[in-house]
Amino acid sequence: MGEFKVHRVRFFEYMPTAIRAMSFNAHTERLALARVDGSVEVFNFADRYFQEKVIPGKDAHSIEALCWVGGRLFSAGLHGEITEYDLENLRPKYSLEAYGGPIWTIISNPQGTHVAIGCEDGTVKLFEVLAEGVQFERNLDRQKGRIISLSWHPSGTRIAAGMMDMIRVFDVLTGHAIQRLLVDRSVGGCKSRETVVWTVVFLSDHTIFSSDSAGKVQVWDGHTGTLVKTHQLTKWDVLALSVSKDESSVVAGTSEGTVVQFQFIAPNLQQQEKEWVRTRTFKNHTHDVRALVEIGTAIVSGGMDTQLVVRPLLEKFEEKCFASGLRRIHFPHRNLVSCAQKARLLLLQFPGQLELWRLGESDGHGKPGDILPLKTKPEKLLYLKRKGKDHICCSALSSCGGWLAYSTVSSVRLYRLQTDNNISITKVPKLPKVLRSAHQLCFSSESSYLFAASSQSSVLVISLNQSECKYVHTLKPKSGSRQPIHLMTTSVDGKWLATANSDCEVHVYNLQKLELHCMVPMYSSCPSAMGIHPTTNNLTMVHADQQIFEFSIAEKQYTVWSRKLQMQGLHNLWLNRDTPVTHVTFNPKNPDQILLHDMYMFCIIDQSLPLPDQKTQFYNQMTLRSLSEQERPSHLHAFKVCKSFQDLMCMRLLDDQSLVVVERPLMAINSQLPAPVRQKKFAT
């Protein structure tokens, strides 16, 4: 496999924020989720749950609810505004004041013509969805308490509203409240404390489900306004409800971290009449389940413990496949760490600041697995707080350690660094006006150019020198794609730049001629990582579905090794891995080696060795150690996997052939979470 000195870095105190809201678009198979810090993430569930887009948050701008209207995404929050997002430029498109105080919920009607919001002042406000935005239409009858939750009847003629101690049903055409359903305060609780109806679900047969702060899920007859059944799930809140597309299943999320499923079935074999029966309980969270979606084959949940959990409904699968496995998404599917390989520096990206660290050094030697003594300890050189309210969306550090750049949705900032003896940082005062914001930033290998991914998959080329930076050119694809670039990489010789966007397009540009060189043949899955080989200039791409391709830039075609790999096929154990590869690099001292990693493993692919077939033992490191030198060659194959590191966020190879491995153990994240409402004790 090779022997490296490894810097095990655990000083990156990355802390994701809690998941607050979710909305699933069944037509495009995209899940949008909002976090407490106001950021929005879009996952492509048709492409292995790949995190396709991230829209950064903003200070004091929380989100309470999300909803899709066609392919358009809207949010609302306690700041009292409705926001539509520009999913091509990854920023809020506009915000509209609703004039009803804090907004607790937003939903769209099944026809996609209107959205309704529930406000603090007791109004349900209807907005018409137009091509250019949303326009206020009218208020429904004002109530005395805040509107916490809403659900639109599938016909679009009724709206159920959850409030304090009650549920109101409105006639949308007249705007009048036609039913009042009183929610019981007691059932083991304090009668003087108001019951909050956190969620309501309105079914096509006029059945209404409600969940509340007294731990109940209640089933109501919407025609008569009478209570049909009460399910007491917990002593604490039931915070979320979701119904399946065919309305045969409803799931509820509780403050205990459990998800409870209800199904419309006959309660026993002797009875033919169907009713809503509590059938299963899932425990995949340690804290509150704040958001919940049932997508047909799985239940997707998230909450205070920050992880996104995809729990498959196994009765929906006839055979074992990728979708039938439990998935937990902990880390973003993008890099938050930049490395200056020559200067031995790390840049750590947080939403509100950047940290620059110098790695430690050791002169010691030892056997594999030994911990070497440090000659110098890691040192934090710089803490750079961002300007303004917008969170940082991307950052970059040049390989020499002399340049640092970051971008928000409203501005780009560039700094000159001096890190030899006296640490100094100087802001570059006048940036080109065309450089307003960037989706990705990247420096050339010799640090003479800055590349900024701009709108419509274009790339701005900025030249750098000691005195100034100057706009040079805009590289544009011929495909006309409007999707944002999420990956950029340059060649060591400074001749090539490769980009990948959310349309699964990979473009290669000639930086000497400043023009498009070629476009890699389209593949159905989005690239999750890519890199250009330092000697051959071959482009290696790993996709969200774990497929690997190697493309010869010079010959504009896939290499012989890549064709052989696709003909033989990758090992099933490789294809069935949970998390996407997030970085690809190469070993300059061994041109046959490709280094890559995901959250759980670090892998070296040796192109000089035979590819493993399905009968080959894929994870064979322990077996190889037990064999003699003469027996090992017959058991070797190209994929060498190491799982010694915990919860990988970054892996880089420095110029001195030492590896930098940035770990963020999940136990460290969990230790910073607030205490759960209930902790499991032995024998209880």
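None of the values given here were measured: they were computed from a predicted structure. (Residues numbered from 1 in each chain as written. Predicted model: local features only at pLDDT ≥ 70, side-chain atom pairs only at ≥ 80, totals over all residues. Heavy atoms only, no water.)

Peer 1: Looking at this structure, how should I read the sheet that holds strand S2 (residues 19–25)?
Peer 2: Think of a sheet as strands paired side by side through backbone hydrogen bonds, with each pair either parallel or antiparallel. Here we have 4 strands laid out as an open sheet, ordered S2-S3-S4-S5, and antiparallel in their pairing. Two strands bound the open sheet, and with one partner strand each, they are S2 and strand S5 (50–55). Put simply, the sheet's adjacent strands are angled 20° from each other on average, direction ignored. Sheet topology note: the S2/strand S3 (residues 30–35) ladder contains 6 bridges and is antiparallel. Along S3, the bridge assignment pairs Met-22 with Leu-33. (Pairing = 2+ DSSP bridges. Helix = DSSP H or I, 4+ residues; strand = E, 2+ residues; numbered from the N terminus. Axes fitted to C-alpha atoms, helices over the stretch in contact; angles between N-to-C directions.)

Peer 1: Before we go on, may I ask you to explain the pairing of strand S16 (residues 166–171) in this structure?
Peer 2: For a regular strand, side-chain orientation follows a simple rule: the groups alternate between the two sheet faces. In terms of residue burial, S16 counts as a mostly covered element, since 5 of its 6 residues are buried. Alignment of strand S15 (residues 158–162) against S16, held across 5 bridges, turns out to be antiparallel. Of the residues in S16, the one forming a bridge with Gly-162 is Ile-167. Linkage of S15 to S16, two consecutive antiparallel strands, is achieved through a turn of 3 residues, within which Asp-165 is found at a positive phi near 70°. (Buried < 20%, exposed > 50% of the residue type's maximum accessible area, 1.4 Å probe, protein only.)

Peer 1: For this particular structure, what's the right way to read the pattern of salt bridges?
Peer 2: One side chain can pair with another of opposite charge once the charged atoms of both are near each other. What the rule picks out here adds up to 20 salt bridges. As a salt-bridge pair, Arg-10 and Glu-663 come within 3.3 Å of each other at their nearest N and O atoms. Of this pair, Arg-10 sits in the loop between strand S1 (6–9) and S2 while Glu-663 sits in strand S55 (residues 659–663), and the two are 653 residues apart along the sequence. For Glu-315, the salt bridge identified is with Arg-280, shortest N-O distance 2.8 Å. You can see Glu-315 sitting in the loop between strand S28 (308–312) and strand S29 (327–329) and its partner Arg-280 sitting in strand S25 (residues 275–283), a full 35 residues away along the chain. The class for Glu-315 is partly exposed, based on a relative accessible area of 45%. Shared partners join several salt bridges into a network, and the residues in it are Arg-8, Arg-10 and Glu-663. (Salt bridge = Lys/Arg side-chain N within 4 Å of Asp/Glu carboxyl O.)

Peer 1: What should I look at first to understand unusual backbone geometry in this one?
Peer 2: Among all residues save glycine, negative phi is the norm, and among peptide bonds the norm is trans. Phi is positive for Ser-447, close to 65°, though the residue is something other than glycine. The phi dihedral of Ser-457 is positive, around 60°, even though this residue is not glycine. Looking at Ser-457, the relative accessible area reads 1%, which means it is buried.

Peer 1: Before we go on, may I ask you to explain the pairing of strand S21 (residues 226–232) in this structure?
Peer 2: Two strands pair when backbone bridges link them, and strand S20 (residues 216–221) and S21 are joined in this way by 6 bridges, in the antiparallel orientation. Considered in S21, the bridge of Asp-221 is made with Thr-226. Connecting S20 to the antiparallel partner S21 that follows it, the hairpin turn spans 4 residues, and Gly-225 within it adopts a positive phi of roughly 75°.

Peer 1: Would you mind going over the domain arrangement of the protein with me for this structure?
Peer 2: As a measure of interface size, the accessible area lost when the parts come together is often cited. The assigned domain composition of the protein is domain 1 (243–329) and domain 2 (337–672). The centre of domain 1, based on its C-alpha atoms, is set 37 Å off from the matching centre of domain 2. Contacts between the two partners involve 4 residues from domain 1, matched on the other side by 4 residues from domain 2. In this assembly, domain 1 packs against domain 2 so that about 370 Å² is buried in total across both faces, 38% of it on carbon and sulfur atoms. Three residues stand out in domain 1 for area buried against domain 2, namely Phe-322, Arg-327 and Arg-328, and they jointly supply 75% of the buried area on that side. Counting across the interface, domain 1 meets domain 2 through 1 salt bridge. In this structure, the connection of domain 1 to domain 2 is made through 1 residue pair in polar contact (both at pLDDT 80 or more). (Domains from an automatic or database assignment. Contact = heavy atoms within 4.5 Å. Buried area = accessible area lost by both parts, 1.4 Å probe. Polar contact = N/O pair within 3.5 Å; in protein donor to acceptor, adjacent residues only side chain to side chain.)

Peer 1: Teacher, can you tell me more about the sheet that holds strand S22 (residues 238–243) here?
Peer 2: An order of S22-S23-S24-S25 is seen for the 4 strands of this open sheet, with the pairing classed as antiparallel. One side of each edge strand has no neighbouring strand; the edge strands of this open sheet are S22 and S25. For this sheet, the mean angle separating the axes of adjacent strands, direction not counted, is 20°. Where strand S23 (residues 249–254) meets strand S24 (residues 258–265), 5 bridges bridge the pair, whose relative direction is antiparallel. The residue bridging Val-250 from the neighbouring strand is Phe-262, located in S24.

Peer 1: Help me understand helix H1 (residues 560–568) in this model?
Peer 2: For an α-helix the count is 3.6 residues per turn, leaving residues at separations of three or four pointing the same way. Where H1 is concerned, the buried positions are Trp-561, Ser-562 and Leu-565. End-on, the buried residues of H1 take up no more than an arc of 100°, which puts them together on one face. For H1, the exposed residues lying more than 90 degrees away from the buried face are Val-560 and Met-567. Along its buried surface, H1 packs onto strand S48 (548–552), strand S49 (557–558) and strand S52 (602–606). Phi turns positive, to about 90°, at Gly-569, one or two residues after H1. (Arc of directions from axis to C-beta.)

Peer 1: Explanation requested: the state of the cysteines in the structure shown.
Peer 2: What makes a disulfide is a covalent bond joining the sulfur atoms belonging to two cysteines. Taken as a whole and judged by the stated rule, the model has 0 disulfides. Free cysteine: Cys-394, not disulfide-bonded; nearest cysteine sulfur from Cys-393 at 4.1 Å. Taking relative accessible area as the criterion, Cys-394 reaches 3% and is therefore assigned buried. No disulfide involves Cys-400; its nearest neighbouring cysteine sulfur is the one of Cys-339, lying 12 Å away. (Disulfide = S-S within 2.5 Å.)

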